[in-house]
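# Summary of the model geometry
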Amino acid sequence: MTTSNQPSVLKFGGTSVKNIARIQHVAEIVKQRLPAGPLIVVLSAMGDTTDYLIKLARQCAPTPDKRELDSLLSTGEQISIALLSIVLRSMDIRAKSFTAYQVGIFTETVFNKARIIDLKTEALQEALKDNDVLIVAGFQGITRSGEITTLGRGGSDTTAVALAAAMNAQVCDIFTDVDGIYTADPNAIPKARLLSTISYEEVLEMARLGAQVIHPRAVELGRQYGVKLRVRNTFKPEHPGTTIHGGKDLEIYRTVSGVAVDKDQARVAIMDVPDQPGVAAKIMRALADKNIVTDMIMQAVHPSLGLNNVTFTVHETDVEESVSVLRDLKTQLRAGEVLADADIAKVSLIGAGMVGQPGIAAKFFEILGEAGINIKMIATSEMKLTCVVSRDDAQRAAKLIHDGFELDKV
Ligand code: ADP
Ligand code: ASP
Ligand code: MG
């Protein structure tokens, strides 16, 4: 093991710090890594703490105030970082915990899904003078005016990669409860195969399309700043896991790399919108002003009537707000009904080698067709093919696609 003054970043997710025994296990991993140089450890909240806190808030109000929700959710990570620091200090390891406020992790003023806009390194650099391990709370941020924000579910990965970029870390290891990135969720598709390497581009598509293993924003930051990123198993710390590489210049070595399922989606539609320039812009602007991210935007035209139906997908948590935005616009646009369908899921096939390959879409649709699975929406791009299907069909569809494209043999 070579020693360096450059820190490494290690991030441990909720299952890895679920109880004190697991926090002690994380402390052992930290101890073993210390001879190679200083460490910045980023933690999630213990186990299902974040879910539990959301549940409590919803018992107080069905749609909790977003600012107060972030104040509540950020407490989860504060507990785990302090506990790990207490364990490490009891082992005579010089460790110190930091909240986002104490580090200076600044975000935009968007509650529940803020993006990091600036990360100060001074406090951490100073603390590294007399500490070997700095433990930073994942998922949380502060705004310039001192408000507490969170980065969206799974956002601790993003804290880790942002810190790795800002601190010029040797490596950023995302420790989780599986061996690395697989061709599909190994807990849903046991035949899924572990990928020893994968490109940033492919992981980004997988993450955006529902593969929970890493937060999409973490992958974006990693790619932008050239962070050496690995996904590894906390319970097998000697296993190399998956290394994410800048694959742009590499020869395409796999046509398809994975299948992802996103069940947290919903479909929203506004019917009978006049077929005139500027109408789609008004709809999308109104949604964007509320920070609602839309995807799979489609327009079905009825030329004889001069009317369109505009349909798109949003994250499930944005459905109510999307519907209310569209209902407000309805009279102004002289449009028809606003509809929402939360009983959907996206099933996607991802691969850097898919571009220009004839027959992939045909095969995908044949597999679903033969299984009697109805396709509600379709979207394609260079590296992905996504279908919206009923939520109940999603896992079966993913398994059939995984089998049909022989992803267990990649
Ligand atoms: P953590 O709490 O460590 O952040 P997550 O639950 O957020 O862990 O992510 C790990 C989980 O991601 C795995 O347990 C697995 O079920 C799921 N997952 C989904 N798709 C994939 C994939 N392609 N490869 C690996 N894991 C995946
Ligand atoms: N604790 C947060 C969540 O459950 C953040 C994370 O785990 O990455 O979403
Ligand atoms: Mg996670």
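For the structure, check the block above.
First, a word on scope: everything that follows refers to the structure included in this document. Keep in mind it's a predicted model, so treat the numbers as computed, not measured.

Moving on, we come to the pairing of strand 11 (residues 229-233). For a regular strand, the rule is simple: side chains alternate between the two faces of the sheet. Within strand 11, 5 of the 5 residues are buried, which leaves it mostly tucked inside the rest of the structure. Because side chains alternate across strand 11, one face comprises the buried residues Leu229, Val231 and Asn233, and the other comprises Arg230 and Arg232, equally buried. Direction of pairing for strand 9 (residues 172-176) relative to strand 11: parallel, over a ladder of 5 bridges. What sits directly across from isoleucine 174, in strand 11, is valine 231. When strand 11 meets strand 12 (residues 242-245), the two strands line up antiparallel, connected through 3 bridges. Bridging across to strand 12, leucine 229 finds its partner in isoleucine 244.

Lining the immediate surroundings of ligand 1 are 17 residues, of which Thr176, Asp177, Asp185, Asn187 and Gln212 lie closest. Here an oxygen atom of ligand 1 sits 2.7 Å away from a polar atom, N or O, in the side chain of aspartate 185. Protein chains shield 87% of the accessible area of ligand 1, which is 570 Å² for the free molecule. A per-class count over the shell around ligand 1 returns 8 nonpolar, 6 polar and 3 charged.

Moving on, we come to unusual backbone geometry. For methionine 296, which is not glycine, the phi torsion reads 45° and is therefore positive. Here methionine 296 is to be found in strand 15 (residues 294-302). Not every positive phi belongs to a glycine, and arginine 334 is a case in point at roughly 55°. The class of arginine 334 is exposed, set by a relative accessible area of 70%.

A separate point is the pairing of strand 6 (residues 133-137). Strand 6 sits mainly inside the fold: 5 of its 5 residues count as buried. Of the two faces of strand 6, the one carrying Val133, Ile135 and Ala137 and the one carrying Leu134 and Val136 are both buried. Two strands pair when backbone bridges link them, and strand 2 (residues 39-43) and strand 6 are joined in this way by 5 bridges, in the parallel orientation. Each bridged residue has a counterpart across the sheet, and for leucine 39 the counterpart in strand 6 is valine 133. Sheet topology places strand 3 (residues 95-98) next to strand 6; 4 bridges connect them, and they run parallel. The residue bridging serine 97 from the neighbouring strand is isoleucine 135, located in strand 6.

Moving on, we come to the site of ligand 2. Lining the immediate surroundings of ligand 2 are Ser44, Ala45, Thr50, Glu77, Phe139, Arg153, Gly154, Gly155 and Ser156. For ligand 2, an oxygen atom lies 2.7 Å from a polar atom in the side chain of arginine 153. Between an oxygen atom of ligand 2 and a main-chain N or O atom of glycine 154, the distance comes to 2.9 Å. In the complex, 87% of the free accessible area of ligand 2, which totals 260 Å², lies under the protein chains. In the shell around ligand 2, the residues fall into 2 nonpolar, 5 polar and 2 charged.

The 8 strands are arranged 3-6-2-1-9-11-12-10 in an open sheet whose pairing can be described as mixed. Where the open sheet ends on each side, the last strands, each with one partner, are strand 3 and strand 10 (197-199). Geometrically, the sheet is characterised by an average inter-axis angle of 20° between neighbouring strands, direction not taken into account. Where strand 10 meets strand 12, 3 bridges bridge the pair, whose relative direction is parallel.

Membership of the largest hydrophobic core comes to 44 residues, with the highest contact counts inside it found for Val9, Leu124, Val136, Cys172, Ile214, Leu229 and Ile244. When near neighbours in sequence (up to four residues on either side) are disregarded, valine 136 contacts Ile40, Val41, Val42, Leu43, Ile81, Phe98, Val103, Ile105, Leu124, Thr159 and Leu163. Formed by 26 residues, the second largest nonpolar core is a distinct cluster that contains Val261, Met354, Phe364 and Ala397.

About the criteria used
The residue numbers shown here count from 1 along each chain, following its written sequence. Chain labels run from A onward and ligand labels from 1 onward, assigned in the order the entries are written. Given that the model is predicted, a residue must reach a pLDDT of at least 70 before its local features are reported, and side-chain atom pairs must reach 80 or more before they are shown or counted; all residues, however, enter totals for whole chains, interfaces and linings. To get the side-chain values, all heavy atoms of the structure are used, and hydrogens and water are removed first. Burial status follows relative accessibility: with a 1.4 Å probe on protein chains alone, a residue under 20% of its type maximum counts as buried, one over 50% as exposed, and anything between as partly exposed. Counting from the N terminus, the helices are the DSSP runs of H or I reaching at least four residues and the strands are the DSSP runs of E reaching at least two. Any two strands are treated as partners once DSSP identifies two or more bridges connecting them. What makes a residue near a molecule or strand is one non-hydrogen atom of that residue sitting within 4 Å of it. Think of a polar contact as two N or O atoms within 3.5 Å of one another; within protein, one of them needs to be a possible hydrogen donor and the other a possible acceptor, and neighboring residues in sequence only count if both atoms come from side chains. Every accessible area reported is derived by Shrake-Rupley at a probe size of 1.4 Å, with residue values counting cover from the shown protein chains alone. The nonpolar class holds Ala, Val, Leu, Ile, Met, Phe, Trp, Tyr, Cys and Pro. Asp, Glu, Lys and Arg form the charged class, and all remaining residues, Gly among them, are polar. Between N-to-C directions, angles span 0 to 180 degrees; the directions come from axes that are lines fitted to C-alpha atoms, helices contributing only their stretch in contact. In plain words, nonpolar cores are sets of buried Ala, Val, Leu, Ile, Met, Phe, Trp, Tyr and Cys residues tied together by side-chain atoms within 4.5 Å. Throughout, a contact is declared for two residues whenever any of their heavy atoms are within 4.5 Å.

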